[in-house]
Amino acid sequence: AGLLTALAVFAALLVIAQPAYWDNMSTITKGAENSTADHRLYMWSAAWRMFLDNFLWGVGPGSSLYAIVGYEPPGGFYGTPQGAKALHSVPFTLLSELAIPGIIIFGLLLYRHIQSILEISAQNHGRGRTSLTPLAGKHEAQAETVLVRNLALGFGGGLVGFLVGGAFVSMLYYPQFWIFTGLMVALHQVWRQ
């Protein structure tokens, strides 16, 4: 059913999309003047230079938007300076703005998030667990076990979606990662108790 829905949406897109949409989509590929790919590579190379110059502390949270002016040629990108424009990448935003301390903290958060998901999933897989609510029957305990495991896997799926999208969008300070992490910490604490 999901595959048929995806095919139907794709077919509708082919029929409904205006020529302007396809012109805009063609800028994704590298090589076209002012292409999205060229712009991202331009911004990422500037972010890398920011990191190399400020590898210990970075340029500061939210400051790459303004610091980029010092890391681009006088003409900017195809004649347009890129000050106050996003870097279009969580990793490059993290590198340039928060540098080594930010990489360590973000990496530890990711590691702990994934470790919690794997721990809950492994403990729930193949053996039962006592109920999280007192006086629950066997069926309620099994339902809670399935619920907790599915919640952990769902938070993991949300994390994967964030990381994939974050490769090409500046989402480091968006709330999704922090909400998923907070919910995962709470779920893990409930699970351990």
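The structure displayed is predicted, hence computed values, not measured ones. (Residues numbered from 1 in each chain as written. Predicted model: local features only at pLDDT ≥ 70, side-chain atom pairs only at ≥ 80, totals over all residues. Heavy atoms only, no water.)

**Overview of the overall build of the protein**
Thought 1: Across its full length, the protein holds 7 helices and 0 strands.
Thought 2: Sequence-ordered secondary structure for the protein, helices as α and strands as β, is α-α-α-α-α-α-α.
Thought 3: Across the 193 residues of the protein, 32% fall into the buried class.
Thought 4: In the protein, the proportion of contacts linking residues at least 24 apart, taken out of those at least 6 apart, comes to 69%. (Helix = DSSP H or I, 4+ residues; strand = E, 2+ residues; numbered from the N terminus. Buried < 20%, exposed > 50% of the residue type's maximum accessible area, 1.4 Å probe, protein only. Contact = heavy atoms within 4.5 Å.)

**Comments concerning helix H7 (residues 175-192)**
Thought 1: Taking 1.5 Å of rise per residue, the 18 residues of H7 would be expected to cover 26 Å, and the 26 Å separating its terminal C-alpha atoms lies within 8% of that figure.
Thought 2: Residues Phe177, Thr181, Met184, Leu187, His188 and Trp191 constitute the buried set of H7. The arc that holds the buried residues of H7, viewed along the axis, is 130°, so those residues lie on one side. (Expected span 1.5 Å × (residues − 1). Arc of directions from axis to C-beta.)

**With respect to the packing of aromatic side chains**
Thought 1: What the rule picks out here adds up to 9 aromatic pairs.
Thought 2: Ring centres of Tyr42 and Phe77 lie 5.2 Å apart, and the angle between their planes is 50°; this geometry places the pair in the tilted category. With Tyr42 in helix H3 (residues 36-53) and Phe77 in the loop between helix H4 (64-67) and helix H5 (90-124), the pair connects residues that are 35 residues apart, well separated along the chain.
Thought 3: These aromatic residues form a ring-pair network of at least three members: Phe106, Phe162, Phe177 and Trp178. (Phe/Tyr/Trp six-rings, centres within 6.5 Å; stacked < 30°, edge-to-face > 60°.)

**A closer look at a nonpolar patch on the surface**
Thought 1: A cluster of nonpolar side chains, contributed by Phe10, Leu13, Leu14, Val15, Ile16 and Tyr21, occupies part of the molecular surface with about 600 Å² of accessible area.
Thought 2: Of the residues forming the nonpolar patch, the biggest block, 5 residues, is contributed by helix H1 (residues 2-16).
Thought 3: Mapped onto the secondary structure, Leu14 falls in helix H1.
Thought 4: The exposure class assigned to Leu14 is partly exposed, which follows from its relative accessible area of 46%. (Patch = residues over 30% accessible without salt bridge, like charges linked within 9 Å, V, L, I, M, F, W, Y side chains within 5 Å. Areas by Shrake-Rupley, 256 points an atom, 1.4 Å probe, with all protein chains shown as cover. Salt bridge = Lys/Arg side-chain N within 4 Å of Asp/Glu carboxyl O.)

**Details of the confidence of the model for the protein**
Thought 1: Summarising the model, the protein shows a mean pLDDT of 81, and 82% of its residues fall at 70 or more.
Thought 2: Low pLDDT, under 50, characterises residues 127-131; the predicted model gives this stretch 8 contacts beyond four residues in sequence or across chains. (pLDDT = per-residue confidence, 0-100.)

**Concerning the nonpolar core**
Thought 1: In terms of nonpolar packing, the biggest core is built from 10 residues, these being Tyr42, Met43, Ala46, Ala47, Met50, Ala67, Ile68, Tyr71, Phe77 and Leu87.
Thought 2: Those residues within four positions of Ile68 in sequence are excluded, and the remaining contacts are Met43, Ala46, Met50, Gln82, Gly83 and Leu87.
Thought 3: Counting residues in hydrophobic clusters, the runner-up holds 9 residues, among them Leu110, Leu159, Met171 and Leu172. (Core = buried A, V, L, I, M, F, W, Y, C linked by side-chain atoms within 4.5 Å.)

**Considering the environment of Trp178**
Thought 1: Relative to the helices and strands, Trp178 resides in helix H7.
Thought 2: Separated by 69 residues in sequence, Trp178 and Leu109 have C-alpha atoms that sit 9.6 Å apart.
Thought 3: Here Trp178 is in contact with Phe106, Leu109, Leu172 and Tyr173, once residues within four sequence places are set aside.

**Digging into the side chain of Thr93**
Thought 1: Looking at where Thr93 falls in the secondary structure, it is placed in helix H5.
Thought 2: With near-sequence residues (within four places) excluded, Thr93 lies in contact with Leu87, Leu98, Ser170, Leu172 and Tyr173.

**Section: the environment of Pro61**
Thought 1: Take Pro61: it is sitting in the loop between H3 and H4.
Thought 2: With 37 residues separating them along the chain, Pro61 and Leu98 place their C-alpha atoms 6.4 Å apart.
Thought 3: The contact partners of Pro61, leaving out residues within four places of it in the chain, are Glu97, Leu98 and Tyr173.

**A word on H3**
Thought 1: In this model, H3 (18 residues) spans 26 Å end to end at C-alpha, consistent with the 26 Å of a helix rising 1.5 Å per residue.
Thought 2: Those residues of H3 that fall on the buried side of the exposure criterion are Ala37, Asp38, His39, Arg40, Tyr42, Met43, Trp44, Ala46, Ala47, Met50 and Phe51.

**Observations regarding unusual backbone geometry**
Thought 1: With a phi close to 60°, His88 is a non-glycine residue in the positive phi region.
Thought 2: Within the secondary structure, His88 sits in the loop between H4 and H5.
Thought 3: We note that Ala99 has phi near 50°; this positive angle belongs to a residue other than glycine.
Thought 4: Mapped onto the fold, Ala99 is located in helix H5.

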